[in-house]
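# Summary of structural features
Now for the letters of each chain:
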Amino acid sequence: MMQHRSMLEFLRGICSDVKVVQGDFDDFESPEHLVVELAGFKVGVCHGHQVVPWGDREALAILQRQMGADILVTGHTHEFKAAVYEELLQVNPGSATGAYSATSQEAVQPSFVLMDLEGGKATIYVYQLVDGEVKVEKIDHTKAAAAATAVTA
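## Some points on the packing of aromatic side chains
- Scanning the model with the defined rule gives one aromatic pair in all.
- Consider the rings of Phe112 and Tyr127, whose centres lie 4.8 Å apart with planes at 5°: the pair is stacked. Highlighted residues: Phe112 in strand β6 (residues 111–118) and Tyr127 in strand β7 (residues 121–130), separated in sequence by 15 residues.
- Judged by relative accessible area, which is 40%, Phe112 ranks as partly exposed.
- A cation over a ring is seen here: Lys143 above Phe41, with NZ or CZ 5.4 Å from the ring centre.

## As for the sheet that holds strand β8 (residues 133–142)
- Spatially, β6-β7-β8 is the arrangement adopted by the three strands of the open sheet, whose pairing is antiparallel. The two strands at the open ends of the sheet, each matched to only one other strand, are β6 and β8. When strand polarity is set aside, the average angle formed by the axes of neighbouring strands in this sheet is 15°.
- The pairing of β7 with β8 spans 10 bridges and is classified as antiparallel. Bridging across to β8, Val130 finds its partner in Glu133.

## Comments concerning the pattern of salt bridges
- Counted under the stated rule, the structure contains seven salt bridges.
- Its salt-bridge partner being Glu9, residue Arg12 comes within 3.8 Å of it at the nearest N-O pair. One end of the pair, Arg12, and the other, Glu9, are both in helix α1 (residues 5–14), three residues apart, so they sit about a helical turn from each other.
- Overall, Arg12 belongs to the partly exposed group, its relative accessible area being 35%.

## With respect to unusual backbone geometry
- Following Val52, the chain continues into Pro53 via a peptide bond in cis, with omega recorded as -5°.
- Its location among the elements puts Pro53 in the loop between β2 (41–46) and α2 (57–67).
- We note that Glu86 has phi near 55°; this positive angle belongs to a residue other than glycine.
- Mapping Glu86 onto the fold places it in the loop between β4 (81–85) and β5 (88–92).
- A positive phi angle, near 65°, is found at Glu87, a position not held by glycine.

## Side note on the confidence of the model for the protein
- When pLDDT is averaged along the protein, the result is 86, and 92% of the positions lie at 70 or above.
- Counted against residues more than four places away or in other chains, residues 147–153, with its pLDDT under 50, gives one contact.

## Some words on the nonpolar core
- With 12 residues, the main nonpolar core is built from Phe41, Val43, Ile71, Val73, Phe80, Leu89, Val91, Val113, Leu117, Ala122, Ile124 and Val126.
- Listed by contribution, the elements that provide at least two residues to this core are β2, β3 (71–73), β5, β6 and β7.
- By residue number, the principal contributor to this core is β7, which donates three residues.
- Among residues more than four places away in sequence, those in contact with Val43 are Leu34, Val35, Val36, Leu38, Ala69, Ile71, Val73 and Leu117.
- One finds Cys46, Ala59, Leu63 and Met67 within the second-largest nonpolar core, a separate group that totals eight residues.

Calculation notes
- Residues numbered from 1 in each chain as written.
- Predicted model: local features only at pLDDT ≥ 70, side-chain atom pairs only at ≥ 80, totals over all residues.
- Heavy atoms only, no water.
- Phe/Tyr/Trp six-rings, centres within 6.5 Å; stacked < 30°, edge-to-face > 60°.
- Helix = DSSP H or I, 4+ residues; strand = E, 2+ residues; numbered from the N terminus.
- Buried < 20%, exposed > 50% of the residue type's maximum accessible area, 1.4 Å probe, protein only.
- Lys NZ or Arg CZ within 6 Å of the ring centre and 35° of its normal.
- Pairing = 2+ DSSP bridges.
- Axes fitted to C-alpha atoms, helices over the stretch in contact; angles between N-to-C directions.
- Salt bridge = Lys/Arg side-chain N within 4 Å of Asp/Glu carboxyl O.
- pLDDT = per-residue confidence, 0-100.
- Contact = heavy atoms within 4.5 Å.
- Core = buried A, V, L, I, M, F, W, Y, C linked by side-chain atoms within 4.5 Å.

This is the structure:
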């Protein structure tokens, strides 16, 4: 969650092509959601507070279909999740600070993800702080159309 315009300006000082979507407590206006084309993928981004129930795969899938996104990146719950649903990838990077989650009774594990997109393949690197140690997990996902083409070629 960005919240303050000063953080947005700081990030734009590092990279002029910063994309953001509206969070539930942001003090500036930005789009509710957006789709960015990267390496042959349509990546949909939405904070997630607009999707009810929060973090629900089916509710996220409805939004993902509406956006026409191969990959949907959302947040709001502050908990890392990655799932393939209806052959499309859904990613919630969680919270780098381990911020409180209204959807969990347990403490949230601090987490963030890096995503590498290339040739119809998405590789997600998940970084989580577990018991004081950084754990890294790698998740591979192949775009459905790319997989079908590779099989028939």
